[in-house]
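Single-letter residue listing:
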Amino acid sequence: MSLTIFTLVFFNVSTVVIAAPISSRVPIPRDNEDSSKIQIIEPSKIAEPETKPTPIVPSETPPITPQIQNELISKLESFQGFVGFELRDLGTSEVLIDYNSEKLFIPASNTKLITALVALESLGNNYKFETKIYHTGEISPHFRGNLYIKGYGDPVLTSLQYKEILKRATVDRGIKKIYGDIIFDYSFMTEEGFGRGWMWDDPQPQISAINIWQTSHESFKYKTNYEIKDYINFLTTLFLQEIGVEFWGEIRYDEVPFNANLLYTNYSPPLINIIQQMLETSDNQIAEQIFRNLGAIYGNGKIEDSENHSKKVIKETLGYDMTNYVIKDGCGLSMYNLLSPKMISDTLFYLYSKYQSNLFDYLASPYEKSTLENRFNFEIYAKTGTLYYDSAISGIFKSNSGNYYLFSLMENNFPFDVLKVKEFENSIINYLYENL
């Protein structure tokens, strides 16, 4: 692949502005989207989904026979590593089988179930994240004031949507030339960048108050927070050129002044839609951005604020004291996280109790583009988790006899490829499907 580097230079009498791509080492990632199909969601276009959750009322669940229990425990004991498991009746939450279910494991992306619970309980289904543009000076074709772009952590803001935001704030207002400056306000968060306990060689998302959602996490690998901001600066100058607006000022960082006027507000989709996308595809950037946003909304924008708020909501909803687990991020990349299969089961049952069958739509399934695509050939809705030597799968399945069960299965400290662990997980779940 040939390497293309774009450098845009705009000359003023005393100023030279150079906008650089995210890194000179990699091709510039661009969203391959059709701009004619873009949808910028306005407040008036967002309505509470008219969903009617259908409770699962299974027939009387037959008891687990000693033979099934013994065979399953034998399978779990044969695993060469640390394994924990819990099986419950979905209708009653009665624990049917448990094996190390209260032990603590590195949960990987099963952490996202906690993130979903905390975010939905805190903000509600229809919460929208905002990106605002302010201005000083009079709006005119030859605009001589400043534009201020302030982010509030929209987790799913794409580069194409960002281009549309710039168009709404300039071209649609009659601005053809900008002689003032463009100033980014990142003050929504006071602690940005990588999470705590992330491995240096993982494709880690960078977190920021203004962020561009990337479908490929590899585009963030080894990038600093400053490089991410440089990338947004680059997109800004590039997009202004593409929409026909001349920019003769500088790009700076500062807070929006009190005398600035609101020019345009962009709204994300409703939170419940974002949560669904996060869970189905196990999107680390979305999950971690939501986690950090909670620390900014309910604290001072530090990672510690996100942790403290999560612990508060967990205590209120699940009853867990903060000394019984460890949570350091929202996406599950952290090697510091410690959760139990029982805690994940409690989380799933709480979400099911609130959303009933709608929860199935929010989780991954084998019949859609998701982390479970083509993995099973029966009705199952789950959240997977994968790190180098940690794996997990937790969710709800319908057994061969038509009964619904809730389960959580976690594995740590195994000496072989994680794909082999997925085969082990499949063998456990398939056994339960066929014999329950």
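Residues numbered from 1 in each chain as written. Predicted model: local features only at pLDDT ≥ 70, side-chain atom pairs only at ≥ 80, totals over all residues. Heavy atoms only, no water.

K.L.:
So what exactly am I meant to see when it comes to the nonpolar core here?
P.N.:
The nonpolar side chains of a soluble globular protein tend to be buried with one another. Among the nonpolar cores identified, the biggest contains 53 residues, and I275 and I290 are the most heavily contacted of them. For this core, the secondary-structure elements that each account for two or more residues are α2 (111-123), α5 (271-281), α6 (284-297), α7 (303-318), α8 (341-355), α9 (358-362), β14 (390-398) and β15 (404-412). Element by element, the count of residues in this core is highest for α2, at eight residues. If we ignore the near neighbours within four places in the chain, the residues touching I275 are A116, A119, L120 and I290. (Core = buried A, V, L, I, M, F, W, Y, C linked by side-chain atoms within 4.5 Å. Buried < 20%, exposed > 50% of the residue type's maximum accessible area, 1.4 Å probe, protein only. Helix = DSSP H or I, 4+ residues; strand = E, 2+ residues; numbered from the N terminus. Contact = heavy atoms within 4.5 Å.)

K.L.:
Would you explain the confidence of the model for the chain in this entry?
P.N.:
Detailed conclusions should not be drawn from predicted coordinates in areas where pLDDT is low. Averaged over all residues, the pLDDT of the chain is 86; the fraction at 70 or higher stands at 84%. The lowest-confidence element of the chain is strand β2 (residues 16-19), averaging 36 in pLDDT; the highest-confidence one is α2, averaging 98. Within the model, the stretch residues 1-52 combines pLDDT values under 50 with 96 contacts to residues more than four positions away or in other chains. (pLDDT = per-residue confidence, 0-100.)

K.L.:
What should I look at first to understand the pattern of salt bridges in this one?
P.N.:
Should the charged atoms of two oppositely charged side chains come close, the side chains can pair. One pass over the structure, following the stated rule, counts 20 salt bridges. Between K229 and E192 there is a salt bridge; the shortest N-O distance is 2.9 Å. Of the two residues, K229 is situated in helix α4 (residues 225-242) and E192 in the loop between β9 (182-185) and α4; the sequence distance between them amounts to 37 residues. A salt bridge links E307 to K328; the nearest nitrogen and oxygen atoms lie 3.4 Å apart. (Salt bridge = Lys/Arg side-chain N within 4 Å of Asp/Glu carboxyl O.)

K.L.:
Which parts of the structure should I look at to understand the packing of aromatic side chains?
P.N.:
In this description, an aromatic ring pair is defined by two values, namely the gap between the centres and the angle between the planes. One pass over the structure, following the stated rule, counts 22 aromatic pairs. The structure contains a cluster of three or more aromatic residues connected by ring pairs, namely F79, Y389, F414, F416 and F424. Taking the ring centre of F416 as reference, the NZ or CZ of K420 above it sits at 4.7 Å. (Phe/Tyr/Trp six-rings, centres within 6.5 Å; stacked < 30°, edge-to-face > 60°. Lys NZ or Arg CZ within 6 Å of the ring centre and 35° of its normal.)

K.L.:
What should I look at first to understand the packing of α6 against α7 in this one?
P.N.:
A packed helix pair is summarised by two numbers, namely the angle formed by the two axes and the spacing between the axes. Running from N to C, α6 and α7 point in directions that differ by 90 degrees, and their axes come no closer than 7 Å. By the angle between their axes, α6 is roughly perpendicular relative to α7. Facing F291, R292, L294 and G295 of α6, the residues of α7 in contact are I303, D305, S306, E307, H309 and S310. The class makeup of the residues in the contact of α6 with α7 is three nonpolar, four polar and three charged. (Axes fitted to C-alpha atoms, helices over the stretch in contact; angles between N-to-C directions. Parallel < 35°, antiparallel > 145°, perpendicular 65-115°, else oblique. Nonpolar A, V, L, I, M, F, W, Y, C, P; charged D, E, K, R; others polar.)

K.L.:
Please explain α7 as it appears in this structure.
P.N.:
Residue pairs spaced three or four apart in an α-helix point in one direction, given the helix's 3.6 residues per turn. Relative to the 22 Å expected for 16 residues at 1.5 Å per residue, α7 spans 22 Å between its end C-alpha atoms, a close match to the ideal helical length. When α7 is considered as a whole, its buried residues turn out to be I303, D305, S306, E307, H309, S310, K311, V313, I314, T317 and L318. Where α7 is buried, its residues contact α2, α6 and α8. Positive backbone phi, approximately 80 degrees, marks G319, located one or two places after α7. (Expected span 1.5 Å × (residues − 1).)

K.L.:
Looking at this model, I keep getting lost on the sheet that holds strand β6 (residues 142-143). Mind explaining?
P.N.:
Strand-to-strand pairing in sheets goes through backbone hydrogen bonds, with the strands running parallel or antiparallel. The strand order across the open sheet built from three strands is β6-β8-β10, with neighbouring strands paired in parallel fashion. Sheet topology places β6 and β10 (246-247) at the edges, where each strand pairs with a single neighbour. For strand β8 (residues 177-178) and β10, the ladder comprises two bridges, and the chain directions are parallel. Following the sheet pairing, I178 is matched in β10 by F247. (Pairing = 2+ DSSP bridges.)

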